[in-house]
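Understanding the architecture of this molecule
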Amino acid sequence: MSTVHTSKPKPFVLYTAGTPNGRKVSVFLEELRAVYGEKVDYDVHKINISRNDQKEPWFIKMNPNGRIPVLVDRAREDFVVFETAAILLYLEQHYDPERKLGFDPVSQPNEYSEMLQWMLWAHGGVGPMQGQANHFNRFAPEDIPYAKNRYILETKRLYGVMEIRLTDRDYLAGPGRGIYSAADINVFPWINVHQFAGIESLDEWPNLEMWLGRINARKAVQDGLAIP
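So, about the pairing of strand β2 (residues 42-46). As paired strands, strand β1 (residues 12-16) and β2 are joined by five bridges and run parallel to one another. Its bridge partner lying in β2, Leu14 is registered against Val44. Considered for its hand, the β-α-β crossover made up of β1, helix α1 (residues 20-36) and β2 is right-handed.

Rendered as structure tokens:
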């Protein structure tokens, strides 16, 4: 009699695409996998955003906002999480017991607050503003100099905010020179594609440029950037 071996489903399904928002989550998952192994393994479902897969009824049922990424946690009764900052915080809460990528809200309340502040700052600033710069520089059906200039200038202003924060620091949150955390991962994929937005060089922001190189040197980051 032959024995049928069925593979155990991976804990997560990540619905994603090769965008900065999608890569925030894949980088975070790869960083967790580097520490915890198969406990945070995941399947990838690539979403074709140019075909508007994310607007299909089956996707809208998971995320009414119709945007990637979406994470489904099979280990917790197929619990669905959308919005990148929310996904990172969810993973940090439930799947990083050693707090390798974050801070304990009870024993490290100040550091945890710093992490939240920088995550929400990026979520409401860098992503939307650089996203608009991308649109008006790359995809707008007509050339609108005012819009292009407005969003590039605002993106540069936000880069300047990070430059100030990273003076004498390696990372955005945490004591001393900072500790690599979800705060960095949440904004890194946007800075990493600065040229796509029309910002050719980071020479104007040397601390930011060093921060970017520091994060890009991590193997888990490169693995995450390769997904999907």
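What follows covers unusual backbone geometry. For the peptide bond that leads from Ile68 to Pro69, omega is 0°, which places it in the cis range. Structurally, the position occupied by Pro69 is in the loop between α2 (57-62) and β3 (70-73). Following Ile227, the chain continues to Pro228 via a peptide bond in cis, the omega torsion being 0°. In this structure, Pro228 sits in the segment after α10 (219-225). Positioned with a positive phi, Glu83 is a non-glycine residue whose angle comes to about 75°. Considering the arrangement of structural elements, one finds Glu83 in the loop between β4 (79-82) and α3 (84-95). Phi angles above zero are rare outside glycine, and Asp168 is one such case at about 60°. Looking at Asp168, the relative accessible area reads 60%, which means it is exposed.

About the criteria used
- Residues numbered from 1 in each chain as written.
- Predicted model: local features only at pLDDT ≥ 70, side-chain atom pairs only at ≥ 80, totals over all residues.
- Heavy atoms only, no water.
- Pairing = 2+ DSSP bridges.
- Helix = DSSP H or I, 4+ residues; strand = E, 2+ residues; numbered from the N terminus.
- Right-handed = clockwise from strand over helix to strand, strands pointing away.
- Buried < 20%, exposed > 50% of the residue type's maximum accessible area, 1.4 Å probe, protein only.

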